[in-house]
Amino acid sequence: MTATLRIQSDWNQALRRDEGEAWLSCRSPGKPTLYGSLTRRGLGTDGVPDITASEGFVVGEVTKKSILISCPHENVSTKFLAPYTTFSRIHQKSVTCLDISSGGGLGVSTSTDGTMKIWQAGNGEIRRLLEGHVYDVNCCRFFPSGLVVLSGGMDAQLKIWSAEDASCVVTFKGHKGGILDTAIVERGRNVLSCSRDGTARLWDCGKSTCLGTIADCGAPVNGIAVGTADHSLNLGTPDKAPSEREVGTEGKLLLLAREDKKLQGVGLQSRQPVFLFIGSDAFNCCTFLSSTYILAGTQDGNIYQLDVRNTNAPIQVIRRSGAPVLSLLPYRDGFGASQGK
């Protein structure tokens, strides 16, 4: 297991001041956490901040947008990047979910302040307030067109919204518990949802109906992901002919990140189980890296990489800290992960 180097405050804000200070910590599993600080002593002749670190930490390359910090005792270093842009007026409290449209022009986000908003990705200007859910909205995402938004809330309702006029064009009802995650099948004629009621459901957007329960797990399903499966994987055969309203489900694998420590794979069209992997704690999220490789994150801080063709043992288990892994996103040849506190 590797050590984790963190800046415990908003270093970009703290170090803008002439005598600003930010706090550091370096945590290695099974060892006491090392603490320190960064101090800005003004600007160098090149306009780059002059920053020093307390004992145990070393400041490497510093630019106007990044800073490299090392902890030699644990042989770890991390480059911290300043945000390209910060929008602080969209929500009043913590952001719980966000997505950016395919064209990059719009963002949609939900918050613990109880709101869901659409905003300009370029400047953070609020364009639409999406109102209609009762209680918290847990998840939101754009359809591939970038003109429509899918959301799910603790009111057990799945809704489709127009990004142009904020109208709710479709409401799906059928879940018996709060919706925790959603997925869109190809261009979006069908969508998927998972819930605290333990089920994952497939919906027909055109007819506003449920096409079926893909899985009934008996435990909350915290996250889902859908992807094209490796051609060698046996996805099973449907017990009956699929509805003509199902579009793009053939050859797709649905991943289910379950509260009962299980990561499950199900043939989307067949509704048949493909694999079941047991992890160290509740699974919070999952994603596809390719048609062969998948990732899933747990409440106790593990990220499992698996080969869908053989899930008896993970390819690797990544653990940066014991904080819950809350989301995973493929990026270029790797991935990004977010963790709680």
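In this report, we go over the structure that sits alongside the text. Note that the structure is a prediction, hence the values are computed from the model and not measured.

Moving on to the overall build of the protein. Across its full length, the protein carries 1 helix and 29 strands. Taking 2.2 N^0.38 as the reference for a compact globule, 341 residues should give roughly 20 Å; the C-alpha atoms of the protein span a radius of gyration of 22 Å, in line with that estimate. Expressed along its principal axes, the backbone C-alpha trace of the protein runs to roughly 70 × 50 × 30 Å. Burial status across the protein gives 48% buried among its 341 residues. In the protein, the share of contacts with a sequence separation of at least 24, taken over all contacts with a separation of at least 6, comes to 39%. When the accessible surface of the protein is totalled, it reaches about 17,200 Å², and 47% of it is carbon and sulfur. When the 36 positive and 33 negative side-chain charges of the protein are each reduced to one mean point, those points stand 2 Å apart.

The next thing to look at is the pairing of strand 3 (residues 34-43). As judged from the 6 bridges shared by strand 2 (residues 21-27) and strand 3, these two strands associate in the antiparallel manner. Bridge pairing in strand 3 places Trp-23 opposite Ser-37. As defined by bridge partners, strand 3 adjoins strand 4 (residues 49-53) across 4 bridges and the pair is classed as antiparallel. Looking at strand 4, one finds that Thr-39 is bridged to Thr-52. Hairpin connection between strand 3 and strand 4: a loop of 5 residues separates the two successive antiparallel strands, and Gly-47 in this loop has a positive phi of roughly 85 degrees.

Turning to the sheet that holds strand 14 (residues 157-162), a few remarks are in order. The 4 strands lie next to each other as 12-13-14-15, forming an open sheet whose pairing is antiparallel. Only two strands of the sheet have a single neighbouring strand rather than two, namely strand 12 (137-142) and strand 15 (168-173). Recorded for the sheet is a direction-independent mean angle of 20 degrees between the axes of neighbouring strands. Pairing analysis gives 5 bridges linking strand 13 (residues 148-153) to strand 14, with the strands arranged antiparallel. Within strand 14, the residue paired with Leu-150 across the bridge is Ile-160.

Rules used in this analysis
Residues numbered from 1 in each chain as written. Predicted model: local features only at pLDDT ≥ 70, side-chain atom pairs only at ≥ 80, totals over all residues. Heavy atoms only, no water. Helix = DSSP H or I, 4+ residues; strand = E, 2+ residues; numbered from the N terminus. Rg over C-alpha atoms; globule rule 2.2 N^0.38 Å. Buried < 20%, exposed > 50% of the residue type's maximum accessible area, 1.4 Å probe, protein only. Contact = heavy atoms within 4.5 Å. Areas by Shrake-Rupley, 256 points an atom, 1.4 Å probe, with all protein chains shown as cover. Lys, Arg positive; Asp, Glu negative; His and termini not counted. Charge placed at Lys NZ, Arg CZ, Asp CG, Glu CD. Pairing = 2+ DSSP bridges. Axes fitted to C-alpha atoms, helices over the stretch in contact; angles between N-to-C directions.

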